[in-house]
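What follows is the residue order along each chain.
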Amino acid sequence: MRQYIRNTLLLSSTLSLCLWAVPAYAQQDLAEEDYEEDYEGDGAIVFSDPIRPEVITVLGSGLVGRVYENNRALTIIGADEINQIQTPDITQILERAPGVTTTRNGPIGGFTSVRVRGSTSDQALVLIDGIRVNDPSAPGAGFDFANVQTGNITKVEILRGANSIIWGSNAIGGVIVLDTRGSRDTASFTGEGGSFGTINLSGSVRPDIADGLDVNISGGYFDNDGFSSFADGTEADGFRQNYLNGRIGYNVADSVNVFAQGRFATSRLDIDGFPAPAFAFADTDEFQETQQFSASAGVEYFGDNLELRALYSIADIDRDNFNPAFGDDVSFFAEGRNERIELRGELQPVNNVTLFFGLENEETRFETGPFGTAADSGIDSAYGLLRYNDNLINISAGLRVDDHEQFGSQVTFGADASIALDDDWKLVGAYQEGFRAPSLFQLLSDFGNTNLQPETSQSFEVGIQYNDRNSVYPIGGSVTLFTRDTDNQIDFISCFGVTDAICDNRPFGTFDNILSTRAQGVEADLSVQPTDTFIARIAYSYIDTENRSVGSANVGNVLARQPDNVLTLSADWTPELAGKPVNLGGDVRLVSDSFDNAANSVRLDGFAVVRLRASYDITDNIQIYGRVENLFDAQYQTVSGFGTPGMSAFGGVRVTL
């Protein structure tokens, strides 16, 4: 099957007039150009109904679509809202979606995990500009959000719940997509400074060179002295990052668009460790250097009843750890690489019926050291999703087949539906299966187990929606009930003193399919805008998690680092002062108690963090702003033993042309 899919991909790519292709998420140019005159900003497009602006999304089908056609729990946060929040911390953006919790090992730059609906951080698929950036060299192939600053992020999409039909492995908990394509301004620049010696600079240019040609270059620099990662430490652990994004697209014909893009980021992070002789967590002089590179290029075709997009993408991450206590040599390194060829299509054979289909080939490899463990693997996939959509009913169902070099084939099914009650209200429901292929580290490292099977999940959700959070209506929101059972969840097992066959040649431990878990709960998302100058948003989730592994000492326990109740409140008021807008706003983040470990023996106390912000447009092109983080200096931890920031203040200026 793998060779068949490879040959089919090559043939299809040739017929599509391409060898390289557009990433699914960044392939919006031609579709958005069609609606350029009605572009409202913040991702919104006005279609035939001048009252209802719709937000562009790709998460439902993998191709450009409109939010009102989506039947799933989806949150989209656009450029205007991101700028309003001001922060360089991506977690503060993601936490505006219900069902999302985050943890960080110390100051900004420290390892940052994002969990969706009670899943692990490894069970969320992450894309930046359409490129999968999950790290093949990480133990669970998760993504470290510490390596993303918001300086050039212009849109965030968060799909809560599995969508493995379209997105395949890692999408058990959800899919998170970040867009760095740049604003529609010709040029923009932001500079800020503040507590912890912070310097945060970012900018972008999008020159108008020629008709049909779109060029965007953006980048930034972030430097922060930080504070001690070790909660009881005194030595500050800083973080520094440089990043650069570039893309070029060209409409070679009315129905054909080609482009190429890339992203490069380097960072240096001070970390704390476990020094001799106590080997207990403490201040150290250790640091980590990271390089990230991702790129894609391609072509897309838009016909009357057919769309085709073929693409090639690559994502590469290199991490080197240094411990000055043992000299200048690298003490540990990890290198991961992911290469993909994809063909996605959308066919409308008759009115109201659409077939979404795709073929994919993925090759991954990793190497860790200092002793040079290396391995590679591949997975080939094919899927089809059939959708019927009219003014009343929207229903989709599909299948996906994945063929993995190590564990064989996996078949995944999913279906969702919605019924419009009137112009505003909609009932939605879905059954989705998800899976996560074992990571290369879990399969083939010195701790690996080649007998691992993929994690699988079955989830149900039902909800009611009233408009959406980005609507111009005074009120928009949704309430969703969900449940997810996950089987064969992979966990690390110790081999100290164990004589079982699974521990042969694995004296320190290995991985095994030993966990069964359940996560269920309710999400509520509400946006209220009674006037043009005031908006308030609420994102709440109650998530009940349980370890259901029969025979485990932890059966019945709450899953680690998963609070039951999480609430984010935000409000912004924008009156005028001397004819120019002033924005006054703030957020409150409330998180209940949780446990740091699977045994539920280490408790993490709940906390409340308050943030205030203000901005003023000096001219049409110049804005000054400032914010206070953790206004009441709350003392809390999201990971046991790691510090969190106290009260801090920042200010800056934003220039747009």
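Our structure's up above, just so we're on the same page.
Everything quoted here is computed from the prediction, not taken from an experiment.

Q: What exactly am I supposed to notice about the state of the cysteines here?
A: Throughout this description, disulfide means a covalent bond between two cysteine sulfur atoms. Taken as a whole and judged by the stated rule, the model has 1 disulfide. Between the sulfur of Cys495 and that of Cys503 lies a disulfide, 2.1 Å long from S to S. Judged by the sign of its S-S torsion, about -80°, the cystine formed by Cys495 and Cys503 is left-handed. Of the two residues examined, Cys495 and Cys503, each falls in the buried class.

Q: When you look at the sheet that holds strand β8 (residues 124–128) in this model, what are you seeing that I'm missing?
A: Two orientations exist for strands paired in a sheet by backbone hydrogen bonds: parallel and antiparallel. In space, the 5 strands of this open sheet follow the order β5-β10-β11-β8-β9, with mixed pairing throughout. A strand with exactly one partner marks an edge of an open sheet, and here the two such strands are β5 (74–78) and β9 (131–132). Relative to β9, β8 is paired through 2 bridges, and the arrangement is antiparallel. Looking at the pairing, Ile128 lines up with Ile131 of β9.

Q: Help me understand the environment of Pro645 in this model?
A: Take Pro645: it is sitting in the loop between β35 (622–629) and β36 (648–656). A relative accessible area of 30% places Pro645 in the partly exposed class. Not counting the four nearest positions on each side in its chain, Pro645 is found in contact with Phe196, Phe227, Asn630, Ala634 and Tyr636.

Q: Is there a simple way to think about the environment of Asn391 in this case?
A: Structurally, Asn391 can be placed in the loop between β21 (373–389) and β22 (393–404). Taking the C-alpha atoms as reference, Asn391 lies 9.4 Å from Asp423; in sequence the two are 32 residues apart.

Q: How should the packing of aromatic side chains be read in this particular structure?
A: Centre-to-centre distance and the angle between the planes together describe a pair of aromatic rings. Inspection of every chain in the model, using the stated rule, returns 17 aromatic pairs. Residues Phe413 and Tyr431 carry aromatic rings whose centres are separated by 6.2 Å and whose planes lie at 35° to one another, so their mutual orientation is tilted. With Phe413 in strand β23 (residues 408–420) and Tyr431 in strand β24 (residues 425–436), the pair connects residues that are 18 residues apart, well separated along the chain. Overall, the relative accessible area of 33% leaves Phe413 in the partly exposed class. Above the face of the Phe482 ring, Arg117 is positioned so that its terminal group lies 4.5 Å from the ring centre. Across the ring face of Phe259, the terminal group of Arg247 is positioned such that the distance to the ring centre comes to 4.7 Å.

Q: Help me understand the environment of Leu631, please; the structure alone is not making it clear to me.
A: Structurally, Leu631 is set in the loop between β35 and β36. In this structure Leu631 touches Val610, Leu612 and Met647, once residues within four positions along its chain are discounted.

Q: Explanation requested: the nonpolar core in the structure shown.
A: Nonpolar side chains in soluble globular proteins tend to be buried together. Formed by 21 residues in total, the largest nonpolar core has its most connected members in Leu94, Phe145, Val156, Ile176 and Leu178. Of all the secondary-structure elements, those providing two or more residues to this core are α3 (79–85), α4 (90–94), β7 (112–116), β8, β10 (155–160) and β11 (174–179). A total of 3 residues in this core trace back to one element, the largest contributor, which is α4. For Ile176, the residues in contact, after removing those within four places along its chain, are Leu94, Val114, Val116, Leu125, Val126, Leu127, Phe145, Glu157 and Ile158. Of all hydrophobic cores here, the second largest spans 15 residues; its members include Ile76, Leu127, Ala171 and Val175.

Q: I would appreciate a short explanation of unusual backbone geometry in the present structure.
A: Working note: non-glycine residues mostly have negative phi, and peptide bonds are mostly trans. Along the chain, Ala276 connects to Pro277 via a cis peptide bond; the corresponding omega equals 5°. With respect to the element layout, Pro277 can be found in the loop between β16 (256–270) and β17 (287–302). The omega torsion of the bond from Gly369 to Pro370 falls at 25°, within 30 degrees of zero and hence cis. Its place among the elements puts Pro370 in the loop between β20 (353–369) and β21. The phi dihedral of Asn467 falls on the positive side, at around 55°, and the residue is not glycine. Take Asn467: it is sitting in the loop between β25 (455–466) and β26 (475–493). Positive phi, close to 60°, is recorded for Asn488, a residue that is not glycine. Mapped onto the fold, Asn488 is located in strand β26. For Asn488, a relative accessible area of 33% translates into the label partly exposed.

Q: Any chance you could explain the side chain of Arg537 here in plain terms?
A: With respect to the helices, strands and loops of the structure, Arg537 is situated in strand β28 (residues 534–547). By relative accessible area, which is 13% here, Arg537 ends up buried. A distance of 3.5 Å separates polar atoms of two side chains, one belonging to Arg537 and the other to Glu81. Non-local contacts of Arg537, meaning those with residues more than four positions away in its chain, are made with Glu81, Arg96, Arg469, Asn470, Leu526, Ser527, Thr568, Leu569 and Ser570.

Q: In this structure, what is going on with the pattern of salt bridges? I would like to understand it.
A: As enumerated under the stated definition, the model contains 40 salt bridges in all. Notably, a salt bridge pairs Glu360 with Arg344, separated by 3.7 Å at the nearest N-O pair. Residue Glu360 is located in strand β20, and its partner Arg344 is located in strand β19 (residues 330–350); the two are separated by 16 residues in the primary sequence. Across the pair, Arg344 and Glu360 agree in class, each one buried. We note a salt bridge from Asp572 to Arg613, for which the minimum N-O separation is 2.7 Å. Within this pair, whereas Asp572 is found in strand β29 (residues 565–573), its partner Arg613 is found in strand β34 (residues 607–617), the two being separated by 41 residues in sequence.

Q: Is there a simple way to explain the pairing of β34 in this structure?
A: Note on strand geometry: in a regular strand, side chains alternate between the two faces of the sheet. Alignment of strand β31 (residues 580–591) against β34, held across 10 bridges, turns out to be antiparallel. Of the residues in β34, the one forming a bridge with Gly585 is Arg613. Sheet analysis places β34 next to β35, joined by 6 bridges and oriented antiparallel. Looking across to β35, one finds that Leu612 is bridged to Val628. Hairpin connection of β34 to β35: 4 residues between the antiparallel strands.

Q: Explanation requested: the pairing of β11 in the structure shown.
A: In terms of burial, β11 is largely enclosed, as 6 of its 6 residues are buried. Side-chain alternation along β11 places Gly174, Ile176 and Leu178 on one buried face and Val175, Val177 and Asp179 on a second face that is also buried. Relative to β11, β8 runs parallel, the two being bridged by 5 bridges. The residue bridging Ile128 from the neighbouring strand is Leu178, located in β11.

Q: Explain a nonpolar patch on the surface to me, please; I cannot follow it from the model alone.
A: Residues Tyr388, Leu392, Ile393, Ile395, Ile419, Leu421, Trp425 and Leu427 make up a contiguous nonpolar surface patch of about 690 Å² in total accessible area. Taken together, the elements giving at least two residues each to the nonpolar patch come down to β22 and β24. Counting through the fold element by element, Tyr388 comes out in strand β21. Relative accessible area serves as the criterion here: at 34%, Tyr388 is assigned to the partly exposed category.

Rules used in this analysis
Residues numbered from 1 in each chain as written. Predicted model: local features only at pLDDT ≥ 70, side-chain atom pairs only at ≥ 80, totals over all residues. Heavy atoms only, no water. Disulfide = S-S within 2.5 Å. Buried < 20%, exposed > 50% of the residue type's maximum accessible area, 1.4 Å probe, protein only. Pairing = 2+ DSSP bridges. Helix = DSSP H or I, 4+ residues; strand = E, 2+ residues; numbered from the N terminus. Contact = heavy atoms within 4.5 Å. Phe/Tyr/Trp six-rings, centres within 6.5 Å; stacked < 30°, edge-to-face > 60°. Lys NZ or Arg CZ within 6 Å of the ring centre and 35° of its normal. Core = buried A, V, L, I, M, F, W, Y, C linked by side-chain atoms within 4.5 Å. Polar contact = N/O pair within 3.5 Å; in protein donor to acceptor, adjacent residues only side chain to side chain. Salt bridge = Lys/Arg side-chain N within 4 Å of Asp/Glu carboxyl O. Patch = residues over 30% accessible without salt bridge, like charges linked within 9 Å, V, L, I, M, F, W, Y side chains within 5 Å. Areas by Shrake-Rupley, 256 points an atom, 1.4 Å probe, with all protein chains shown as cover.

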